[in-house]
Amino acid sequence: FLLNNLLRFPQAMSPSAAFGSAIHTALQRAHMHVAAHGSKKPAEDVVHDFETALTEKWLHPTDHEHFAKRGTDALHVFLQQKYASFTSAQKAELGFGNQHVVLQNARLTGALDLVSFDAQSKTISVTDYKTGKPATSWQAKNEYEKIKLHKYKQQLMFYKLLVENSRDYHNYRVEKGIIQFVEPTPTGAIATLELEFSTSEMDDFSRLVEAVYAHIVSLNLPDITDLSPDYNGILHFEAALLAEK
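Notes on the structure follow. Remember, predicted model here, so these are calculated numbers, not experimental data. (Residues numbered from 1 in each chain as written. Predicted model: local features only at pLDDT ≥ 70, side-chain atom pairs only at ≥ 80, totals over all residues. Heavy atoms only, no water.)

What to know about empty space enclosed by the protein
Counted according to the given criterion, the structure contains 1 cavity of 30 Å³ or more. For the largest cavity, the full set of lining residues is His24, Leu27, Gln28, His31, Ala92, Glu93, Asp113 and Tyr129. Looking at the lining of the largest cavity, the elements that each hand over two or more residues are α2 (15–37) and β1 (90–95). Among the elements that take part in the lining of the largest cavity, α2 stands out by supplying 4 residues, more than any other. For the lining of the largest cavity, the per-class residue count stands at 3 nonpolar, 3 polar and 2 charged. (1 Å grid on protein atoms, 1.4 Å probe; cavity = no way out; pocket = protein on both sides within 12 Å on 5 of 7 lines; lining within 4 Å. Points joined across faces, edges and corners; volume = space filled by probe spheres on them. Helix = DSSP H or I, 4+ residues; strand = E, 2+ residues; numbered from the N terminus. Nonpolar A, V, L, I, M, F, W, Y, C, P; charged D, E, K, R; others polar.)

A closer look at the layout of surface pockets
Taken as a whole, the largest pocket holds about 1800 Å³ of empty space. Looking at the largest pocket, it is lined by 42 residues, and the ones nearest its centre are Phe1, Asn5, Lys151, Gln154 and Val212. Those elements that provide at least two residues to the lining of the largest pocket are α1 (2–6), α2, β3 (106–108), β5 (123–130), α5 (143–164), α6 (199–217) and α7 (231–244). The greatest single-element share of the lining of the largest pocket, amounting to 8 residues, is contributed by α5. In this structure, the second largest pocket spans a volume of roughly 350 Å³. As for the second largest pocket, its lining consists of 16 residues, of which His150, Lys153, Met157, Glu201 and Tyr231 are closest to the centre. Among the secondary structure elements, those contributing two or more residues to the lining of the second largest pocket are α5, α6 and α7. A class-by-class count of the residues in the lining of the second largest pocket yields 9 nonpolar, 2 polar and 5 charged.

In structure tokens:
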């Protein structure tokens with residue numbers, strides 16, 4: 001954690017991370033085109049943006065061939081089913097580095113894949129794009145999925161805190177968080193998970209964020225050797241941090 005998140009030592013992207021980054025780049029440019037021109041970029045141009053971004057990752061030729069086909073196939077299906085939902089009332093890759101977000105003593109920042117605004121009701125929906133095997137429900141099927149969905153839910157809750165405590169958007173309420181998978185299910189469907197935020201869960205998560213921030217700024221990184229490396233171990237670790245607050 002110290003090397004990767006605080007000191008930010010440089011490291012090469014894994015092929016799967018490079019693939020995900022290229023998909024995000026293509027979708028970001030598609031959203032920006034709609035916002036700037038009020039019309040949708042041709043689907044083949046979106047796919048070309050993906051292919052260009054993937055080429056810039058300098059993957060091994062075998063990996064490049066595999067992920068180029070995988071991404072092209074996925075984007076064709078995704079755009080066919082979801083492109084109609086792209087509107088000019090959305091902002092892609094919305095950064096919060098200059099929004100002076102503070103939660104108690106914790107200073108927060110981040111960037112959101114997609115934010116949909118409803119100016120009339122002053123509400124926001126936040127969407128995070130995901131590549132990889134899609135989940136069709138918040139009910140996990142195995143241990144790996146329990147951890148993945150737990151992190152997805154926390155990611156959306158963090159985005160809600162980020163938006164509602166920001167300088168420019170604090171008058172908006174984030175009413176819904178969305179995990180939008182880009183790659184189709186085996187049946188060819190594009191899966192979407194929506195999260196409506198619980199007040200009690202948000203309160204607990206806010207306290208957790210504050211506790212984690214306090215440990216980071218004091219460089220007090222807890223010993224986790226006695227915790228099991230599974231979903232229950234994560235819950236026990238979070239409970240111990242909350243008990244400090």
